[in-house]
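What follows is the residue order along each chain.
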Amino acid sequence: MTTKPTTPALPREPLGDPRLRRLVVGEGLAAVVDALFLIWLTLFVLELSEPGITTGLVLVAVALPRAALLLPAGVLVDRIGPARVVASAAWLRVAVLLVLGALVTLTLPSVMAVALLGGLLGAADAAYFPAALALIPAVVPTERLSRVNALVQGAESAGDLVGPAVAAGAIAAVGFNATLGVIVALAALAAAALSRLIRVVRRDEGAGDDAGPDVIDGEQLSTARALGAGLRYAWHEPLVRGMLAAIALINITVVGPVLVGGAVLADQRLGGAGALGIVLSGFGAGSLAGSLIAGWRPPARRGWTVAGGVAAIGAGLAGLAAVTHVIAATAVVSLIGLGSGFLGVVIVATLQERVPNQLLGRVLSLVVLATVAFDPLSYVLAAVLLPYGTTALFLVCGSAVLACAALVAASPAIRSLR
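Below is a summary of the structure that appears in this document. A quick note: this is a predicted structure, and the numbers were derived from the prediction, not measured. (Residues numbered from 1 in each chain as written. Predicted model: local features only at pLDDT ≥ 70, side-chain atom pairs only at ≥ 80, totals over all residues. Heavy atoms only, no water.)

1. Topic: the packing of aromatic side chains
And then number 1: Scanning the model with the defined rule gives five aromatic pairs in all.
And then number 2: Both rings, one in F37 and one in W40, keep their centres 5.8 Å apart while their planes meet at 15 degrees; by these two values the pair is stacked. You can see F37 and its partner W40 sitting in helix α1 (residues 18-48), three residues apart, about one turn around the helix.
And then number 3: Classification of W40 as buried rests on a relative accessible area of 0%.
And then number 4: An angle of 85 degrees between the planes, with centres 6.0 Å apart, marks the rings of W40 and F176 as edge-to-face. Of this pair, W40 sits in helix α1 while F176 sits in helix α5 (residues 145-195), placing them 136 residues apart in sequence. Of the two residues, W40 and F176, neither departs from the other in class, the shared state being buried.
And then number 5: Taken together, F37, W40, F44 and F176 form an aromatic cluster joined through their ring pairs. (Phe/Tyr/Trp six-rings, centres within 6.5 Å; stacked < 30°, edge-to-face > 60°. Helix = DSSP H or I, 4+ residues; strand = E, 2+ residues; numbered from the N terminus. Buried < 20%, exposed > 50% of the residue type's maximum accessible area, 1.4 Å probe, protein only.)

Okay, structure coming up:
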């Protein structure tokens, strides 16, 4: 009688495996750095110039390269591998932050110089975000994707929750220079942890069909044609198309109404602008809880829970139309955050499992684009509806998300997910 050799079991908990620990620590620290630096940059630009359009222009200088380069970055991820792109982007961030730190320490930089460096950081972000998502399934066993995604996205939610207070408090206590120094150190730790994963990840070479849509008759497609192949796949695959549409619609109908409409609501009904910070902290706490719930209690009927998560966001958004107290508003916004955090983990883990490896970077770059690219349109939507009152704003947007939940539930490709 013979027995098959058994491979050593990986530790039960994600952080028990050194590879997964480096991944979670690296990507988690990078998320915290993003949250801290955004507040640092905003406050520093305000220090350089009068409040107004200048701050907005610097933030746009960061956002435009990020949005414009996301899709080409997805092609790059698929061609050279997520580990190399993640490490290169992480070290580019460190280099740019070091240059900025030198300028801040040695001289008083101009707003233009800060904007240019911000644009370089935006370009690094464009490469980093899809690569970081694609790196997870390259390192993590399929059965642990939800849990590791929950840890990474939970770190992002935690950074958003406490980052503003920590960054502002640090600047007040030790100044801009020292605070930026801490941010640079954290970014370097993240880059060092992620760089060690290059040796872990091995691309499948000579796998025949895995060369897939990027190689025809032995010739590699151009970047434009490779990008077109990714877009065609996303459009023709009902599951991917439905999830991308849901992400985009939620982003359009939630971001502007919650931020812009929430500020008006706080001023009119909740006792002043100070209430807005409390309400938005509820969103961060809900998002953190939703991420962790999705990771530690993965749903058995994934399709129906996606529809339920979308419905929870819509119900919470519509519920803001009726709140008159800061506690009620915080609870309702927490529900929106809970649905958003839960959906983030479930949708990303689902795509990581089901999209072919040779297209994963491009598809995940579309996910990131759907998450960030429609913010301006969302602000415009809020501005158009606000003259009719916050009640109308929240009811219209909440109803749109609830209709999206119904469409998600009606989609066989999503509804049948297990």
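2. Digging into a nonpolar patch on the surface
And then number 1: Together, F374, L377, V380 and V384 make up a nonpolar patch on the protein surface, roughly 330 Å² of accessible area in all.
And then number 2: Mapped onto the fold, F374 is located in the loop between α11 (357-372) and α12 (375-385).
And then number 3: Note on F374: relative accessible area 31%, which makes it partly exposed. (Patch = residues over 30% accessible without salt bridge, like charges linked within 9 Å, V, L, I, M, F, W, Y side chains within 5 Å. Areas by Shrake-Rupley, 256 points an atom, 1.4 Å probe, with all protein chains shown as cover. Salt bridge = Lys/Arg side-chain N within 4 Å of Asp/Glu carboxyl O.)

3. Notes on the nonpolar core
In a soluble, globular protein the nonpolar side chains are often hidden away together inside.
And then number 1: Counting residues in hydrophobic clusters, the biggest one holds 125 residues, and the most contacted among them are F37, W40, L135, L317 and L320.
And then number 2: Per-element tally for this core: the top contributor is α5, with 15 residues.
And then number 3: If we ignore the near neighbours within four places in the chain, the residues touching L135 are L23, E27, P82, A83, V86, L194, L197 and V201. (Core = buried A, V, L, I, M, F, W, Y, C linked by side-chain atoms within 4.5 Å. Contact = heavy atoms within 4.5 Å.)

4. A word on empty space enclosed by the protein
And then number 1: Applying the stated criterion to the full structure yields three cavities of 30 Å³ or more.
And then number 2: Empty space within the largest cavity amounts to approximately 60 Å³.
And then number 3: Lining the largest cavity are V258, G262, L265, A266, L270, L276, V279, L320 and V333.
And then number 4: Mapped by element, the contributors of at least two residues to the lining of the largest cavity are α7 (238-268) and α8 (274-296).
And then number 5: Sorting elements by how many residues they give to the lining of the largest cavity places α7 first, with four residues.
And then number 6: Across the lining of the largest cavity, the residue classes break down as eight nonpolar, one polar and no charged. (1 Å grid on protein atoms, 1.4 Å probe; cavity = no way out; pocket = protein on both sides within 12 Å on 5 of 7 lines; lining within 4 Å. Points joined across faces, edges and corners; volume = space filled by probe spheres on them. Nonpolar A, V, L, I, M, F, W, Y, C, P; charged D, E, K, R; others polar.)

5. Remarks on the environment of A83
And then number 1: When you line up the elements, A83 lands in helix α3 (residues 82-106).
And then number 2: By relative accessible area, A83 is classed as buried at 4%.
And then number 3: Setting aside chain neighbours within four positions, we find A83 in contact with L135, L197, I198 and V201.

6. As for the pattern of salt bridges
And then number 1: All chains considered together, the criterion is met by four salt bridges.
And then number 2: Between D78 and R362 there is a salt bridge, with its nearest N and O atoms 2.7 Å apart. Residue D78 is found in helix α2 (residues 53-80), and its partner R362 is found in helix α11; the two are separated by 284 residues along the sequence.
And then number 3: On the basis of relative accessibility, which here comes to 2%, the residue R362 falls in the buried class.
And then number 4: Its salt-bridge partner being R93, residue D125 comes within 2.7 Å of it at the nearest N-O pair. Of this pair, D125 sits in helix α4 (residues 111-139) while R93 sits in helix α3, and the two are 32 residues apart along the sequence. Note on accessibility: D125 and R93 belong to one class, buried.
And then number 5: Salt bridges linked by common partners bring D34, R66, R93 and D125 together as one network.

7. What about the packing of α12 against helix α13 (residues 390-410)?
Any two packed helices are characterised by how steeply their axes cross, that is the angle between the axes, and by the distance between the axes.
And then number 1: Here α12 crosses α13 at 135 degrees, and the two axes come no closer than 9 Å. When the axes of α12 and α13 are compared, the pair comes out oblique. By crossing handedness, the relation of α12 to α13 is classed as right-handed. Contacts between α12 and α13 pair L381, A382 and L385 from the former with L393, V396 and C397 from the latter.
And then number 2: The residue makeup of the contact of α12 with α13, split by class, is six nonpolar, no polar and no charged. (Axes fitted to C-alpha atoms, helices over the stretch in contact; angles between N-to-C directions. Parallel < 35°, antiparallel > 145°, perpendicular 65-115°, else oblique. Left-handed = near helix turned anticlockwise from the far one by under 90°.)

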